[in-house]
Amino acid sequence: MKPGGVALVVALVVTVGACGGGDDGSPTTPTNPPPVPTTDPDPLRNAAAVAGKWVGAAVQSSLLRNDATYAATFRKHFDYVTAEWEMKWDPLQREPGVFDFSGGDRIVRFAESSGMNVKGHALLWHQATPAWVEELSPPELRIAMEDHIRTVVQHYRGRVAVWDVVNEAIDDSNGGLRDTVFLRGLGPGYIAEAFRLARQADPDALLVYNDYGGEGLNQKSNAIYNLVRGLKESGVPIDGVGLQMHLSAAGYPPAGQIAANVARLADLGLLVNISEMDVQIRDLAGDAASRLQRQREVYREAVGVCAAQPRCDAVTFWGFTDAHSWIDEFFGEDDPLLFDEQYQAKPAFFGVEDAFLGR
Ligand code: XIL
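One structure accompanies this document, and this report is about it. Since the model is a prediction, treat every value here as computed from it, not as a measurement.

**Describing the state of the cysteines**
Where two cysteines share a covalent bond between their sulfur atoms, that bond is called a disulfide. The final tally for this structure, using the stated rule, is one disulfide. Each disulfide pairs two cysteine sulfurs, and for C306 the partner residue is C312, the sulfurs being separated by 2.0 Å. An S-S torsion of about -95° defines the bridge between C306 and C312 as left-handed. Neither C306 nor C312 differs from the other in exposure class; each is buried.

**Comments concerning the pattern of salt bridges**
This model, assessed by the stated rule, comprises 15 salt bridges. Where R184 meets D179, a salt bridge forms, and the shortest distance between an N and an O atom there is 2.8 Å. Under the relative-accessibility criterion, D179 is labelled exposed at 53%. Shared partners join several salt bridges into a network, and the residues in it are R296, E353, D354 and R359.

**Considering the pairing of strand β6 (residues 240-243)**
Sheet faces and side chains relate simply in a regular strand, where the side chains alternate between the two faces. Here β6 shows a buried face lined by G240 and G242 and a second buried face lined by V241 and L243. For strand β5 (residues 206-211) and β6, the ladder comprises four bridges, and the chain directions are parallel. Its bridge partner lying in β6, Y209 is registered against V241. Each parallel crossover has a hand, and the one from β5 via helix α11 (residues 219-233) to β6 is right-handed. Two strands pair when backbone bridges link them, and β6 and strand β8 (residues 271-280) are joined in this way by four bridges, in the parallel orientation. Directly across from L243, in β8, lies its bridge partner I274.

**Things to note about the site of the ligand**
Contacts to the ligand come from E84, K88, H121, W125, N167, E168, Q244, H246, E276, W318, W326 and F330. In the model, a nitrogen atom of the ligand is placed 3.4 Å from a nitrogen or oxygen of the Q244 side chain. Surface burial for the ligand is 85%, taken as the share of its 410 Å² of free accessible area covered by protein chains. Elements represented by at least two residues in the shell around the ligand include exactly β3 (117-125) and α14 (326-331). Of the residues contributing to the shell around the ligand, the split by class is four nonpolar, four polar and four charged.

**Structural notes on the pairing of strand β9 (residues 312-317)**
Burial of β9 is extensive: five of the six residues sit out of reach of the surface. For β8 and β9, the ladder comprises four bridges, and the chain directions are parallel. Its bridge partner lying in β9, V272 is registered against C312. Each parallel crossover has a hand, and the one from β8 via helix α13 (residues 288-307) to β9 is right-handed.

**Points about the environment of N226**
With respect to the element layout, N226 can be found in helix α11. Along the backbone, N226 and G175 are 51 residues apart, and their C-alpha atoms lie at a distance of 9.8 Å.

**Structural notes on unusual backbone geometry**
At the junction of H121 and A122, the peptide bond is cis and its omega measures out at -5° in the coordinates. Examined against the element boundaries, A122 turns out to sit in strand β3. Positive phi values are uncommon outside glycine, yet E168 reaches one of about 60°. Summarising the element assignment, E168 is placed in the loop between β4 (162-167) and α9 (181-186). For E168, a relative accessible area of 7% corresponds to the buried category. Despite not being glycine, Y343 shows a phi value in the positive range, around 65°.

**Observations concerning the packing of aromatic side chains**
Per the counting criterion, the structure on display carries 19 aromatic pairs. Between F78 and F320 the ring centres are 5.7 Å apart and the planes differ by 50°, which places this aromatic pair in the tilted class. Here F320 lies in the loop between β9 and α14 and F78 lies in the loop between α4 (68-77) and β2 (80-83), a separation of 242 residues in the sequence. One exposure class covers both F78 and F320, and it is buried. Members of the aromatic cluster, connected to one another through ring pairs, are Y70, F74, F78, F110, F320, F339, Y343, F349 and F350. The lysine or arginine in question, K220, covers the ring of Y212, its NZ or CZ lying 3.6 Å from the ring centre. Its end group placed over the ring of Y225, R264 keeps NZ or CZ at 4.8 Å from the ring centre.

Definitions and limits used
Residues numbered from 1 in each chain as written. Predicted model: local features only at pLDDT ≥ 70, side-chain atom pairs only at ≥ 80, totals over all residues. Heavy atoms only, no water. Disulfide = S-S within 2.5 Å. Buried < 20%, exposed > 50% of the residue type's maximum accessible area, 1.4 Å probe, protein only. Salt bridge = Lys/Arg side-chain N within 4 Å of Asp/Glu carboxyl O. Helix = DSSP H or I, 4+ residues; strand = E, 2+ residues; numbered from the N terminus. Pairing = 2+ DSSP bridges. Right-handed = clockwise from strand over helix to strand, strands pointing away. Near = heavy atom within 4 Å. Polar contact = N/O pair within 3.5 Å; in protein donor to acceptor, adjacent residues only side chain to side chain. Areas by Shrake-Rupley, 256 points an atom, 1.4 Å probe, with all protein chains shown as cover. Nonpolar A, V, L, I, M, F, W, Y, C, P; charged D, E, K, R; others polar. Phe/Tyr/Trp six-rings, centres within 6.5 Å; stacked < 30°, edge-to-face > 60°. Lys NZ or Arg CZ within 6 Å of the ring centre and 35° of its normal.

If you want it as structure tokens, here you go:
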């Protein structure tokens, strides 16, 4: 335990006990405070605040509700939240015209009861588009897109601070726009249209383009840069770019390249955020301790780029505990996040803390 750890455990118990509501913000009968991990570092949000950044993670409403340690750990360390999937098109509007905001609403209520800001993710993403959208004629598709963006952004107006408006629109092989239902039906102008619709529906929300694989300097980051520069120059209401930052410690862009890329985006007058960070270590050689140490260094380097850049406003991790990571499901068993499966802070956690504190 770090010096002062006992006092911090007490402080956490008092804080959690003082919240006086369910984890989704609904009133509940007081219960015993949730178990807190024994090794209990300072809140990460305090370190992020020193750097002037928001620090967030993607979460699932069922875990906030059903796993007290998950909720307490998240509430203690983060001041920014993104729905891992519950605010995508498919869960929100699985059938045409039938909206289900229950999961997203639970996450927003949790955020409000914990003093957190919310990022909505994501209005248009080809992978979370319901099957019925794929069958629409171009005129029907335009109406469906307008209706979806208006309804969702208006529903959360004033409660969601930032929206990922378009996610992953760039093709990996050629740097052109990805072949999606939106490009096929509406042409390349769909991206500008989506941003304009979102701005109309909530003039105060910051609007972001989000993508992966464009962290360093390469064909993808050039394509992202050209896309957002074109939008800016045409007066499209775009405020920022999200760099997902799904990294592998076995091979990732040098920090200098990430810094140069973030700087050129910032020079367009855009905000930049790290939007979905995790660091895979499965492919590293060496024992567990050395791999975790290497992971710490990767987190420190990449988050350090954001900490040093005034126009980088936030860092979001794609989950926070190795007990729940999409990486296991999509790429194979790994330990890519800041807390282990027992909610103990890993070396990676301290790498992020060091980055925020400029160490
Ligand atoms: C992933 C979620 O983590 C999964 O739970 C879901 O089933 C699929 O999507 N890029 C993104 C995120 O922008 O929305 C993805 O999240 C991960 C890759």
